[in-house]
Amino acid sequence: IRMFSVRKEGGTAGHAGSGSTGIARDVYHTKRMQRVFCVGYTFDHKYLLSGSDDTNIRLWKARSSEKIGQLSAREETSLQYRKALVQKYVHLPEVKRISKSRRVPKFVKKETQAAMVQKEKRRRKEGNMVKHSKPGTKKFTDEKGKTIVKTV
């Protein structure tokens, strides 16, 4: 599950001036998680619920770096100081890179790369079939077109 900031400064992702980027704010994962069917927030927007193919409902923190529970005075001061430093030096490229980076586990990265390789193989095979068959007998079908079962 990847969370993106859709609304920023009153706009939505569809508007040009929304300030929304294509960078995930948080990444949630488990090794045993199957296909995710539904995602929702709790009423206080502190937690995220996900329902997956393995019939489990998982509870995630909406901000993965936040600590659950009461913060001590020292922790609160430290957190405010870190936020102030990030705001002060946000224009520096190193700070931007660190604040935007999201670590994805190795197994998720490998599975994504394997899926991309398989998809590229299928596309290349389909291209070769179209190229080496009689003209007009085989046609390319786009990825969106493959999911359409029936048109009315």
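Refer to the structure above for everything that follows.
The sections below set out a description of the structure shown in this document. These numbers come from a predicted model, not from an experiment.

Notes on the overall build of the protein chain
Within the protein chain, the secondary structure is distributed over 4 helices and 5 strands. The order of α-helices and β-strands along the protein chain, N terminus first, is β-β-β-β-β-α-α-α-α. Split into buried and exposed, the 152 residues of the protein chain put 12% on the buried side. Here the analysis covers contacts within the protein chain between residues at least 6 apart in sequence; of these, 34% occur between residues at least 24 apart.

Description of the pairing of strand β3 (residues 36-41)
Looking along a regular strand, one sees side chains alternate from face to face of the sheet. Here β3 runs beside strand β4 (residues 47-52); their pairing, made up of 5 bridges, is antiparallel. Bridging from a neighbouring strand, valine 39 pairs with serine 50 of β4.

Focus on the sheet that holds β4
Strand order across the open sheet formed by 3 strands is β3-β4-β5, with antiparallel pairing between neighbours. On the outer flanks of this sheet lie β3 and β5 (57-61), each paired with one strand and no other. Going across the sheet, the axis of each strand differs from the next one's by a mean of 20°, ignoring polarity. With 5 bridges joining them, β4 and β5 adopt antiparallel strand pairing. Bridged to glycine 51 within β5 is isoleucine 57.

Comments concerning the pattern of salt bridges
Taken as a whole and assessed by the stated rule, the structure comprises 2 salt bridges. Between lysine 67 and glutamate 75 there is a salt bridge, and its shortest N-O distance comes to 2.7 Å. Arginine 123 serves as the salt-bridge partner of glutamate 120, at 3.4 Å between the closest nitrogen and oxygen. Taken together, the positions of glutamate 120 and arginine 123, both in helix α3 (residues 106-131) and 3 residues apart, correspond to about one turn of that helix. Glutamate 120 gets classed as partly exposed once you look at its relative accessible area, which sits at 35%. For arginine 123, a relative accessible area of 47% corresponds to the partly exposed category.

Considering unusual backbone geometry
A positive phi angle, close to 60°, is found at histidine 45, a residue other than glycine. Since its relative accessible area comes to 52%, histidine 45 is described here as exposed.

Comments concerning helix α1 (residues 73-88)
Relative to the 22 Å expected for 16 residues at 1.5 Å per residue, α1 spans 22 Å between its end C-alpha atoms, a close match to the ideal helical length. Of all the 16 residues making up α1, 0 are buried; the element is thus mostly uncovered.

So, the side chain of serine 50
Note that serine 50 resides in strand β4. A relative accessible area of 2% means that serine 50 is categorised as buried. Within the structure, the side chain of serine 50 is placed 2.9 Å from the side chain of tryptophan 60, a separation counted as a polar contact. Excluding residues that lie within four positions of it along the chain, serine 50 makes contacts with Ile1, Val36, Cys38, Val39, Asn56, Ile57, Arg58 and Trp60.

Cut-off values and rules
Residues numbered from 1 in each chain as written. Predicted model: local features only at pLDDT ≥ 70, side-chain atom pairs only at ≥ 80, totals over all residues. Heavy atoms only, no water. Helix = DSSP H or I, 4+ residues; strand = E, 2+ residues; numbered from the N terminus. Buried < 20%, exposed > 50% of the residue type's maximum accessible area, 1.4 Å probe, protein only. Contact = heavy atoms within 4.5 Å. Pairing = 2+ DSSP bridges. Axes fitted to C-alpha atoms, helices over the stretch in contact; angles between N-to-C directions. Salt bridge = Lys/Arg side-chain N within 4 Å of Asp/Glu carboxyl O. Expected span 1.5 Å × (residues − 1). Polar contact = N/O pair within 3.5 Å; in protein donor to acceptor, adjacent residues only side chain to side chain.

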